[in-house]
Amino acid sequence: KTCETGSFTAGQTKMTRTTCSSCSTGHSCDGTSVETACLAGTYAAGGKSACSNCGADNKYSEDKAAKCEACDAGDFTSGGDDDGNTRTACSPCSLGHKCDGNSVQTACLAGTFAAGGADVCSECGADNKYSQAQAAACKTCEAGSFTAEQTKMTRTTCSSCSAGYSCDGNSVQT
């Protein structure tokens, strides 16, 4: 009797196998006595003759996976091949970046910020707050200085008040 692909043989010697069993999850089987572990970035349900690629830039798996997992917004995938079909890890997005679950970390623009693990870059949100590109947080422009550039909600600079003027940290010199 032949042991089909998606199964493996066991028992006694190479010439006198006594059982044929369905391949374990996270493995591929060719009908011999060998169960081959699926590599990270691939998966196999039980009884499979081959491991399949995760198949999307936002999907990933570790070694011996029964299925691939989706990487959530605020995280990014890494590892595997360049075409994004065999990602091997999912990690929180870096400070000053936003992530939508795929392998791209998008830098926040000046006037916005993002803490680690963010899926959006938020506006600084006040006329006396400002940031440079890739900021993890906005800074406060102190009295004696003024903000400039962009809009009231997305200021990008804080400069010393000009001689003869009064400044309270907002965009107005009086």
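Owing to the predicted nature of the structure, the values given are computational and were not obtained by experimental measurement.

A. Representation of the overall build of the chain. Helix and strand counts for the chain stand at zero helices and 18 strands. In summary, the chain has a C-alpha radius of gyration of 28 Å against a globular reference of 16 Å for 174 residues, an excess of more than 25%. Oriented by its inertia axes, the alpha-carbon framework of the chain measures out at about 100 × 20 × 20 Å. Considering the chain as a whole, with its 174 residues, one finds that 30% of them fall into the buried category. Counting only carbon and sulfur atoms, one obtains 48% of the accessible surface of the chain, whose full area is about 9700 Å². Of the charged side chains in the chain, 13 are positive and 19 negative; the average position of the first set lies 6 Å away from that of the second.

B. Looking closely at the state of the cysteines. This structure, assessed with the given rule, holds 10 disulfides. A sulfur-sulfur separation of 2.1 Å characterises the disulfide bridge that pairs C23 with C29. In this structure, the disulfide formed by C23 and C29 twists by about 75 degrees around the S-S bond and is classed as right-handed. We note that C23, like C29, is buried. Covalently, C71 is tied to C90 through a disulfide, its sulfur atoms 2.1 Å apart. Here the disulfide of C71 and C90 is right-handed, its torsion about the S-S bond being about 80 degrees. In this pair, C71 sits in the loop between β8 (69-70) and β9 (75-78) while C90 sits in strand β10 (residues 89-92), placing the two residues 19 residues apart along the sequence. On the accessibility criterion, C71 (5% relative accessible area) is buried. On the basis of relative accessible area, C90 is assigned to the partly exposed category, the value being 24%.

C. Local environment of the environment of T174. Summarising the element assignment, T174 is placed in the segment after β18 (157-160). Measuring from C-alpha to C-alpha, the distance between T174 and S162 comes to 9.7 Å, with 12 residues separating the pair along the chain. Setting aside residues up to four positions removed in sequence, T174 forms contacts with G164, Y165 and S166.

D. Region of interest: the pattern of salt bridges. Tallying each qualifying case throughout the model produces two salt bridges. Here D57 makes a salt bridge to R87, at a shortest N to O gap of 2.8 Å. Of this pair, D57 sits in the loop between β6 (52-53) and β7 (59-60) while R87 sits in the loop between β9 and β10, and the two are 30 residues apart along the sequence. Judged by its relative accessible area of 10%, R87 falls in the buried class.

E. Quick look at the side chain of T9. Within the element layout of this structure, T9 appears in strand β1 (residues 7-10). Classification of T9 as buried rests on a relative accessible area of 14%. Within the structure, T9 has its side chain in polar contact with the backbone nitrogen of S33 (distance 3.3 Å). Non-local contacts of T9, meaning those with residues more than four positions away in its chain, are made with C3, R17, T19, C20, G31, T32 and S33.

Cut-off values and rules
- Residues numbered from 1 in each chain as written.
- Predicted model: local features only at pLDDT ≥ 70, side-chain atom pairs only at ≥ 80, totals over all residues.
- Heavy atoms only, no water.
- Helix = DSSP H or I, 4+ residues; strand = E, 2+ residues; numbered from the N terminus.
- Rg over C-alpha atoms; globule rule 2.2 N^0.38 Å.
- Buried < 20%, exposed > 50% of the residue type's maximum accessible area, 1.4 Å probe, protein only.
- Areas by Shrake-Rupley, 256 points an atom, 1.4 Å probe, with all protein chains shown as cover.
- Lys, Arg positive; Asp, Glu negative; His and termini not counted.
- Charge placed at Lys NZ, Arg CZ, Asp CG, Glu CD.
- Disulfide = S-S within 2.5 Å.
- Contact = heavy atoms within 4.5 Å.
- Salt bridge = Lys/Arg side-chain N within 4 Å of Asp/Glu carboxyl O.
- Polar contact = N/O pair within 3.5 Å; in protein donor to acceptor, adjacent residues only side chain to side chain.

Treat this as a map of the structure, not an account of what it does.
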